[in-house]
Amino acid sequence: MPGRRGFLKFGVAGALLLAAAGAARAQPSYRAAGASDTLQVLSDADREVLAAVAPAILAGTGAAGPGLAAAIGSVDRAVAGLPPHLQEEVGQLLALLASWPGRRWVAGVGVPWREASVGEVAAFLDRWRFSRWALLQQGYHALHDLVLAAWYARPDSWAAIGYPGPPELG
Amino acid sequence: MIRDPIREGIAAGWKVTDASALDRDLTLEADVAIVGSGAGGGVTAEILTAAGLDVVLVEEGPLRSSTDFRMLEAEAYPQLYQESAARKTLDKAITILQGRCVGGSTTVNWTSSFRTPDATLAFWRDRHGLADLSAAALAPWFERMEARLAIREWTVPPNENNALLARGAAKLGIATGAIRRNVSGCLNIGYCGMGCPTNAKQSMLVTTIPAALARGARLVCGARADRLALRRGRVAQLECSALDSRGVRPAGPRIRIRARHYVLAAGAIGTPALLLRSGAPDPHRVLGRRTFLHPTVVSAAVMPERVDGYAGAPQTVYSDHYLEATPIDGAIGFKLEAPPLHPVLFGMTHQGFGKAHADGMAQFARTHVLIALLRDGFHPGSEGGNVGLRADGSPVLAYPLTPFVWDGVRRALAAMAEIQFAAGADQVLPVHELARPCGSPAEARSLIMGLPLEPLLTRVVSAHVMGGCGMADAPARGTVDSLGRHFQLENVSVHDGSVFSTSLGANPQLSIYALTARNATLLAGRLKAGR
């Protein structure tokens, strides 16, 4: 396996970029949890990132249309229930991806998220998944966990995997 | 209609305060304040109240009960688990499952009940000076808690997921055993991890805590213990924040509790963190160190027939073959168990995304999973992790996965694959980002031997956090003595998994119950005697 040394420079640059994205993010975009049932803590830009990422993560599950949109809403609710430090981290990650330099130079996606193909998004996810830089690997895992947890929490995802749901208790 | 003993108790007048509903500060006085309502806090509350002491129990999580337990992951994880079951180590390489609700992890655990292994107690005696914790000395306490919590042999045949461990191991001449469970009238449903909907699991939620509340103990839930106010080597009061209704942020009101004695039972991350936030004396720099996890790795197999790993008692078969194969202080050993499978937990654990992930999930009903729990803490190559604080005061565990641990991970992945093929698996998938489904033992072995074992590529999880306020015979080597008494703070005791000097090599709940029963009984005696 290659060593990590070659990535340290990128690591520092990326950390600076992440910090900048986090700082640039208007704090009030984290509105008070519970303010709205439909939009809780994610911004429109965050949701646009998720709307591009989720179809790539869920490719092959049959997730589409209203079910997919509802899963993204579930991510929003799930983030609202996380402790503040995790909300902050997820916020920084999505703000980074939503920013032009973050999308273009850290994620390596050359077109706006709404124009990115599933293939382009999947290539980005794989780059982060196998990155030699832990911060990007962590970002991949955060997206993986948030999207897949939201999807498989949904009863309409269960038939495809042969899960009957919890039993009826008399 | 299933009875809900918690709602009945509240209706009958239990003194329960949901701090999220407070509109002003609250000051309470008691003989003993207990922080945390899990295995340590629950047992302590019952024993102290039975001795006639006035107890206040503080719990960060909410009070939920059987009526609320609808067997849905979407509800259970955010409501009942620390950080919505997304708690991770500092480098995000290890996911940590811990309860955060009344009853703590006992409300959501999988009921596995083991006495502390003799080899572990012998190691503590020889290396940590804990001669009084012999198997013989602890036996009456184990017996007492086994009787209290209906811990006994589970005579129902294991579900297929567990039966496959027994069959595969038998083919290879590997011994397995039956796991005892703390259940009474269990319907063998398989949803222990989401809160028992029938009150069969004899968790703290339905046993010791109701007993304490019935005797007049007070419970404040939805309240986070921020710090112990210290004065001249003693705790003067416990300061808590009421949390909002989601349990995410402080809502404003503060709760102050003044007591003669303070029992810390917030778990092996929460208790060291509370002491750190309080600036507790730590002259030998041991607090929060040597925190252990039983780092756990996962192997998924696709079987020819349905396994339905979500159904039936979750953990009923184990193997200690690979713990006994090496000396306790030699190469790291591991315990094998078969965990329950549910869509969210399995979907998050399964590597990859897109079609490869969906293909794996499509085999969910035919999937058999084994986990290997590595016995950390018995070797210089396995010193565990270190609990620290973030800027906001929340705890975080830094846990380095050392080459010594990775060596065990590779052997564990190989052993699990071998057993799964012996049990008839069509395919075995080590849970690692660079692994692919393997169709033969030789293919799996070759793949596993070549996998780069690194954080964030290898899936590592933990449901057993231990240590951080370790017991020792002298302050230089630990935070508390073998009675749980804090070495520097005279009116503080620690009664939870954080006192263990190493990991256990077994699921921890029964070890916490028994040690706490002993130490709470002795504490009650001291407090009654006015000492």
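Residues numbered from 1 in each chain as written. Chains lettered and ligands numbered in written order. Predicted model: local features only at pLDDT ≥ 70, side-chain atom pairs only at ≥ 80, totals over all residues.

Check the secondary structure of chain A and you find seven helices and zero strands. Along its sequence from the N terminus, chain A presents helices and strands in the succession α-α-α-α-α-α-α. Within chain A, the fraction of its 170 residues that count as buried is 40%. Contacts in chain A between residues at least 24 apart in sequence constitute 71% of all its contacts with a sequence separation of at least 6. (Helix = DSSP H or I, 4+ residues; strand = E, 2+ residues; numbered from the N terminus. Buried ≥ 20, exposed ≤ 12 C-beta atoms within 10 Å, placed from the backbone. Contact = placed C-beta atoms within 7 Å.)

The subject of this paragraph is the environment of B:Thr291. Residues and elements named next belong to chain B. Along the polypeptide, Thr-291 turns up in strand E13 (residues 291-292). We classify Thr-291 as buried; it has 29 C-beta atoms within 10 Å. Taking the C-alpha atoms as reference, Thr-291 lies 33 Å from Asn-159; in sequence the two are 132 residues apart. Apart from residues lying up to four places away in sequence, Thr-291 is in contact with Ala-268, Gly-384, Gly-385, Asn-386, Val-387, Leu-397, Val-465, Gly-467 and Gly-468.

Residue and element names in this part refer to chain B. Burial runs high along strand E17 (residues 367-374): eight of the eight residues are buried. What you see with E17 is no split at all: Thr-367, Val-369, Ile-371 and Leu-373 on one side and His-368, Leu-370, Ala-372 and Leu-374 on the other are buried throughout. With four bridges joining them, strand E16 (residues 334-337) and E17 adopt antiparallel strand pairing. Across the sheet, residue Glu-337 finds its bridge partner in E17, namely Ile-371. (Pairing = 2+ DSSP bridges.)

All names here are of chain B. One way to put it is that helix H13 (residues 403-422) packs onto helix H14 (residues 441-450) with a least axis distance of 10 Å and a crossing angle of 170°. By the angle between their axes, H13 is roughly antiparallel relative to H14. Contacts from Arg-410, Leu-413, Ala-414, Ala-417, Glu-418 and Phe-421 in H13 reach Pro-441, Ala-444, Arg-445 and Ile-448 in H14. (Axes fitted to C-alpha atoms, helices over the stretch in contact; angles between N-to-C directions. Parallel < 35°, antiparallel > 145°, perpendicular 65-115°, else oblique.)

Next up on the list: the domain arrangement of chain B. Residue and element names in this part refer to chain B. Each assigned domain of chain B is listed with its residue range as follows: domain 1 (5-149 + 202-287 + 470-526) and domain 2 (160-179 + 294-462). On a C-alpha basis, the centroid separation for the pair domain 1 and domain 2 is 29 Å. Each partner contributes to the interface: domain 1 provides 23 residues, whereas domain 2 provides 32 residues. At the level of secondary structure, the elements contributing two or more residues to the side of domain 1 that touches domain 2 comprise strand E4 (94-96), helix H5 (118-128) and helix H9 (267-277). Per-element accounting of the side of domain 1 that touches domain 2 gives the leading share, six residues, to H9. Considered class by class, the residues forming the side of domain 1 that touches domain 2 number 12 nonpolar, seven polar and four charged. (Domains from an automatic or database assignment. Nonpolar A, V, L, I, M, F, W, Y, C, P; charged D, E, K, R; others polar.)

Bringing unusual backbone geometry into the picture now. Apart from glycine, the bulk of residues carry a negative phi angle, and the bulk of peptide bonds sit in the trans form. All names here are of chain B. Although it is not a glycine, Arg-290 adopts a positive phi angle of roughly 50°. By C-beta crowding, Arg-290 is classed as buried, having 27 other C-beta atoms within 10 Å. Of note, Leu-456 is a non-glycine position whose phi angle comes to about 75°, a positive value. As for its position among the elements, Leu-456 is in the loop between H14 and strand E21 (460-462). The exposure class assigned to Leu-456 is buried, which follows from the 20 C-beta atoms found within 10 Å.

Membership of the largest hydrophobic core comes to 224 residues, with the highest contact counts inside it found for A:Val147, B:Ala33, B:Val55 and B:Val58. Here this core spans two domains, and each of domain 1 (5-149 + 202-287 + 470-526) and domain 2 (160-179 + 294-462) of chain B adds at least three residues to it. (Core = buried A, V, L, I, M, F, W, Y, C linked by C-beta atoms within 7 Å.)

Moving on to the interface of chain B and chain A. At the junction of the two partners, chain B supplies 38 residues and chain A supplies 36 residues. Contributing elements (two or more residues each) for the side of chain B that touches chain A: helix H3 (73-80), helix H11 (343-349) and helix H12 (354-362) of chain B. No other element matches H12(B), which puts six residues into the side of chain B that touches chain A. Across the side of chain B that touches chain A, the residue classes tally to 22 nonpolar, five polar and 11 charged.

Once that is clear, we can look at the sheet that holds strand E5 (residues 112-113) of chain B. Residue and element names in this part refer to chain B. The strand order E5-E8-E6 describes an open sheet built from three strands, whose pairing is antiparallel. Strands at the two margins of the open sheet, each flanked by one partner only, are E5 and strand E6 (151-152). In the sheet, E6 pairs with strand E8 (residues 180-182) via two bridges, with the strands oriented antiparallel. Paired with Arg-152 across the bridge in E8 is Arg-181.

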